[in-house]
Amino acid sequence: MVKRIYALLQKDVLLEFRQKHTFYGIILYIASTVFVIYLSFPDKPDGATWNSLFWIIQLFICVNAVAKSFLQEGKGRMLYFYSIASPVEFIISKIIYNVLLMVLMSSISLALFFFFLTNPVNNTLQFTGIVILGGISISLVFTLMSAIAAKAQQNAALIAIMGFPIILPQLLMLMKLSKVAFAEVFREGAVMQLSALIIGLDVLVIAMAVVLFPYLWKD
């Protein structure tokens, strides 16, 4: 099982390298968006504005980077995968790949935010950890949404329609949690509760993907 998951993961990485225009296009999208924000704020944005802008950008980056994972798989290719791997192995490989891709994109976005919009964060290491957690959370939701939308005649619009209502509560929790890195005072235990809730939602999304995808796979 591990070997098949690794082979499927390696396949996605190789396809990404062969289609470099897509990868560089996402990086260009991140850089241009951050630069436009930089031009829109002649003065340095305050911490709350900086934090909100950052997480909103992460949401749209994920839609562009992760949501395409299933939509690029044709029917013939999916039929081939059906004959060599189980649905659980396939969805796990997609989840791992999309998590790694989103963590990379989030790191690039964070570096560009620091470069163009300065660094208002009091605890950079803590904020970086929250960004990684957020990248994982957002990518998990949109991976599942992409799998569902791929079965609806490759309709990419469904990803946004289904994904935004689900991701909004998680995004609001990430915004609130990240405020701890800006030296905002929380009541005792609140940070751990928020972190545990976000991680619990991530585990729930993974479980839903593993349970639901075999039915989509058979269809």
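Structure: above.
Keep in mind the model is a prediction, meaning the values are calculated, not measured.

Analysis parameters
- Residues numbered from 1 in each chain as written.
- Predicted model: local features only at pLDDT ≥ 70, side-chain atom pairs only at ≥ 80, totals over all residues.
- Heavy atoms only, no water.
- 1 Å grid on protein atoms, 1.4 Å probe; cavity = no way out; pocket = protein on both sides within 12 Å on 5 of 7 lines; lining within 4 Å.
- Points joined across faces, edges and corners; volume = space filled by probe spheres on them.
- Nonpolar A, V, L, I, M, F, W, Y, C, P; charged D, E, K, R; others polar.
- Salt bridge = Lys/Arg side-chain N within 4 Å of Asp/Glu carboxyl O.
- Helix = DSSP H or I, 4+ residues; strand = E, 2+ residues; numbered from the N terminus.
- Buried < 20%, exposed > 50% of the residue type's maximum accessible area, 1.4 Å probe, protein only.
- Axes fitted to C-alpha atoms, helices over the stretch in contact; angles between N-to-C directions.
- Parallel < 35°, antiparallel > 145°, perpendicular 65-115°, else oblique.
- Contact = heavy atoms within 4.5 Å.
- Phe/Tyr/Trp six-rings, centres within 6.5 Å; stacked < 30°, edge-to-face > 60°.
- Patch = residues over 30% accessible without salt bridge, like charges linked within 9 Å, V, L, I, M, F, W, Y side chains within 5 Å.
- Areas by Shrake-Rupley, 256 points an atom, 1.4 Å probe, with all protein chains shown as cover.
- Core = buried A, V, L, I, M, F, W, Y, C linked by side-chain atoms within 4.5 Å.
- Expected span 1.5 Å × (residues − 1).
- Arc of directions from axis to C-beta.

Quick question: what am I supposed to make of the layout of surface pockets here?
The gaps left among the atoms become clear once a water-sized probe is rolled over them. Each pocket or cavity is described by its volume, and for the second largest pocket that value is around 230 Å³. In this structure, the second largest pocket is lined by Val 13, Glu 16, Phe 17, Lys 20, Phe 23, Tyr 24, Tyr 97, Leu 100, Leu 101 and Leu 104. When the residues that make up the lining of the second largest pocket are grouped by side-chain class, the tally is 8 nonpolar, no polar and 2 charged.

How should the pattern of salt bridges be read in this particular structure?
Proximity of charged atoms lets side chains of opposite charge pair with each other. For the coordinates displayed, the defined rule picks out 1 salt bridge. A salt bridge links Glu 89 to Arg 4, with the shortest nitrogen-to-oxygen separation between them at 2.8 Å. Of this pair, Glu 89 sits in helix α6 (residues 87–117) while Arg 4 sits in helix α1 (residues 2–18); the two residues are 85 residues apart in sequence, bridging distant segments of the chain. Classification of Arg 4 by relative accessible area gives partly exposed; the value is 40%.

Help me understand the packing of α1 against helix α2 (residues 20–40), please; the structure alone is not making it clear to me.
Relative placement of two packed helices is described by the angle separating their axes and the distance separating the axes. The interhelical angle for the contact between α1 and α2, taken along N-to-C directions, is 80°, at an axis separation of 4 Å. Considering the angle they form, α1 stands roughly perpendicular to α2. Residues Glu 16, Phe 17 and Arg 18 of α1 form the contact with α2, whose own contacting residues are Lys 20, Thr 22 and Phe 23. Residues belonging to the contact of α1 with α2 are distributed by class as follows: 2 nonpolar, 1 polar and 3 charged.

When you look at the packing of aromatic side chains in this model, what are you seeing that I'm missing?
In this description, a pair of aromatic rings is defined by centroid distance and the angle of the planes. Tallied over the full model, the rule gives 13 aromatic pairs. Ring plane angle 15° and centroid distance 5.8 Å describe the contact between Trp 50 and Phe 114, whose orientation is recorded as stacked. Here the residue Trp 50 occupies a position in helix α3 (residues 47–65), and Phe 114 occupies one in helix α6, the gap between them amounting to 64 residues. One aromatic cluster is present, formed by Trp 50, Phe 54, Trp 55, Phe 113, Phe 114 and Phe 127 through successive ring pairs.

What am I meant to see in a nonpolar patch on the surface here?
Among the surface-exposed residues, Tyr 29, Ile 56 and Phe 60 lie close enough to one another that they form a single nonpolar patch of about 240 Å² accessible area. With respect to the element layout, Tyr 29 can be found in helix α2. Since its relative accessible area comes to 30%, Tyr 29 is described here as partly exposed.

Just to check I follow, could you spell out the nonpolar core for this structure?
When a protein is soluble and globular, its nonpolar side chains tend to lie buried together. Ranked by size, the top nonpolar core spans 63 residues in total, and within it Trp 50, Trp 55, Phe 113 and Phe 127 carry the most contacts. The set of elements that each furnish at least two residues to this core consists of α1, α2, α3, α6, α7 (124–150), α8 (157–178) and α9 (190–218). Tallying contributions element by element places α7 first for this core, with 13 residues. In this view, Trp 50 contacts Pro 45, Leu 110, Phe 113, Phe 114, Leu 117, Thr 118, Pro 120, Val 121, Phe 127 and Phe 182; residues no more than four positions away in its chain are not counted.

What exactly am I supposed to notice about α1 here?
Two residues of an α-helix separated by three or four positions point the same way, owing to the 3.6 residues in each turn. The end-to-end C-alpha distance of α1, which contains 17 residues, comes to 24 Å, matching closely the 24 Å that a straight helix rising 1.5 Å per residue would cover. Considered for burial, the residues of α1 that qualify are Ile 5, Leu 8, Leu 9, Lys 11, Asp 12, Leu 15 and Glu 16. All buried residues of α1 lie within an arc of 150° about the axis, which places them on one face of the element. Looking at α1, the residues exposed on the side facing more than 90 degrees away from the buried face are Val 2, Lys 3, Tyr 6, Phe 17 and Arg 18.

Looking at this structure, how should I read α2?
An ideal rise of 1.5 Å per residue puts 30 Å on 21 residues; α2 measures up with 30 Å between its terminal C-alpha atoms. Taken as a whole, α2 has its buried residues at Phe 23, Ile 26, Ile 30, Thr 33, Val 34 and Ile 37. Seen along its axis, α2 keeps its buried residues to an arc of 95°; they face one direction. Of the exposed residues in α2, those oriented more than 90 degrees away from the buried face are His 21, Tyr 24, Leu 28 and Leu 39.

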